[in-house]
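Listed below are the residues making up each chain.
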Amino acid sequence: MRNRSLLLLATCLSVYIAFHSCQSEQAIRTAQYTVNGKKVYATHCQNCHGAKGEGLGKLYPPLNDSTFLVSHRDELACLVKYGRKEMPANRTLTTVEIAYVLTYIGNSFGNTMEMFTQEEVQARLDACRDTTP
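Counting restarts for each chain, with residues numbered from 1 along the sequence as it is written. Given that this is a predicted model, residues contribute local features only at a pLDDT of at least 70 and side-chain atom pairs are listed and counted only at 80 or more, while totals for whole chains, interfaces and linings are drawn from all residues. Each side-chain value is worked out from all heavy atoms of the structure, with water and hydrogens disregarded.

## Considering helix α2 (residues 25-44)
Each helix is a run of DSSP H or I of at least 4 residues and each strand a run of E of at least 2, with the numbering of both proceeding from the N terminus. Expected span of a helix: the number of residues minus one, times 1.5 Å. An ideal rise of 1.5 Å per residue puts 28 Å on 20 residues; α2 measures up with 28 Å between its terminal C-alpha atoms. Burial classes: relative accessible area under 20% of the type maximum marks a residue as buried, over 50% as exposed, and values in between as partly exposed (1.4 Å probe, protein chains only). For α2, the set of buried residues is Thr 30, Tyr 33, Thr 34, Gly 37, Val 40 and Tyr 41. The elements touched by buried residues of α2 are α3 (46-49), α6 (95-106) and α7 (118-129). For this analysis, residues touch if any pair of their heavy atoms sits within 4.5 Å.

This is the structure in structure tokens:
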């Protein structure tokens, strides 16, 4: 009985190691950002944009438009942090929280984008800080 338990444990450990060693560090980091971003989204974005990113007509745009997200990538951090006339600002969000939520949005609702790093978000916020009221 003990040998069976050890064999089962060794098998499970081998499968675990094989599975996790196949994922790149970038893939693991993107997954971590996505999981954390889902929490930020639920707290700060979901009430308006919906649980599935469906939005609410023209009042709150849907977040399932990869074309818009990709073509406006450079503006997204500032949009989240400082808002627009139709979207309230989220000035209390930290750089890492913005990176989390943008990575989540960019990889949810049918979207496929590269992860947003803290460094990228900080650079975008620095660039728009001077032009934001």
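## Here we look at the side chain of Arg 73
As for its placement among the helices and strands, Arg 73 is situated in helix α5 (residues 73-82). Relative accessible area serves as the criterion here: at 18%, Arg 73 is assigned to the buried category. Contact partners of Arg 73, with chain neighbours within four places excluded, come to Met 113, Glu 114, Met 115, Phe 116 and Glu 120.

## Here's the deal with the packing of α2 against α6
Between two packed helices, both the angle of their axes relative to each other and the distance between the axes serve to describe the pair. Helix axes use the C-alpha atoms of the stretch in contact, all axes being lines fitted to C-alpha atoms, and the angles between their N-to-C directions lie in the range 0 to 180 degrees. Orientation of α2 relative to α6, taken along the N-to-C sense of each, is 100°, at an axis distance of 7 Å. Relative to α6, the element α2 lies roughly perpendicular. Residues Thr 30, Tyr 33, Thr 34, Asn 36, Gly 37, Lys 38, Val 40 and Tyr 41 of α2 form the contact with α6, whose own contacting residues are Val 96, Glu 97, Ala 99, Tyr 100, Val 101, Thr 103, Tyr 104 and Ile 105. In this classification, the charged set is Asp, Glu, Lys and Arg, the nonpolar set is Ala, Val, Leu, Ile, Met, Phe, Trp, Tyr, Cys and Pro, and all remaining amino acids, among them Gly, are polar. Class assignment for the residues of the contact of α2 with α6 results in 9 nonpolar, 5 polar and 2 charged. Under this scheme an angle from 65 to 115 degrees is roughly perpendicular, one under 35 degrees roughly parallel, and one over 145 degrees roughly antiparallel; angles in between are oblique.

## Some thoughts on the packing of α5 against α7
Relative orientation of the contacting elements α5 and α7 amounts to 75°, with a least axis distance of 8 Å. As summarised for this structure, α5 and α7 are arranged roughly perpendicular, according to the angle between their axes. Every residue of α7 that contacts α5 at Arg 73, Asp 74, Ala 77, Cys 78, Lys 81 and Tyr 82 is listed here: Glu 120, Val 121, Arg 124, Leu 125, Cys 128 and Arg 129. Partitioned by chemical class, the residues of the contact of α5 with α7 number 6 nonpolar, no polar and 6 charged.

## Here's the deal with the nonpolar core
Proteins that are soluble and globular tend to have nonpolar side chains buried together. Throughout this description, the term nonpolar core refers to a set of buried Ala, Val, Leu, Ile, Met, Phe, Trp, Tyr and Cys residues connected via side-chain atoms within 4.5 Å. Formed by 28 residues in total, the largest nonpolar core has its most connected members in Tyr 41, Ile 98, Val 101, Leu 102, Ile 105, Val 121 and Leu 125. Residue assignment for this core shows that the elements contributing at least two residues are α2, α5, α6 and α7. Here the element with the most residues in this core is α6; it accounts for 7 residues. Residues contacting Leu 102, with those up to four places away along its chain left out, are Leu 76, Ala 77, Val 80 and Phe 116.

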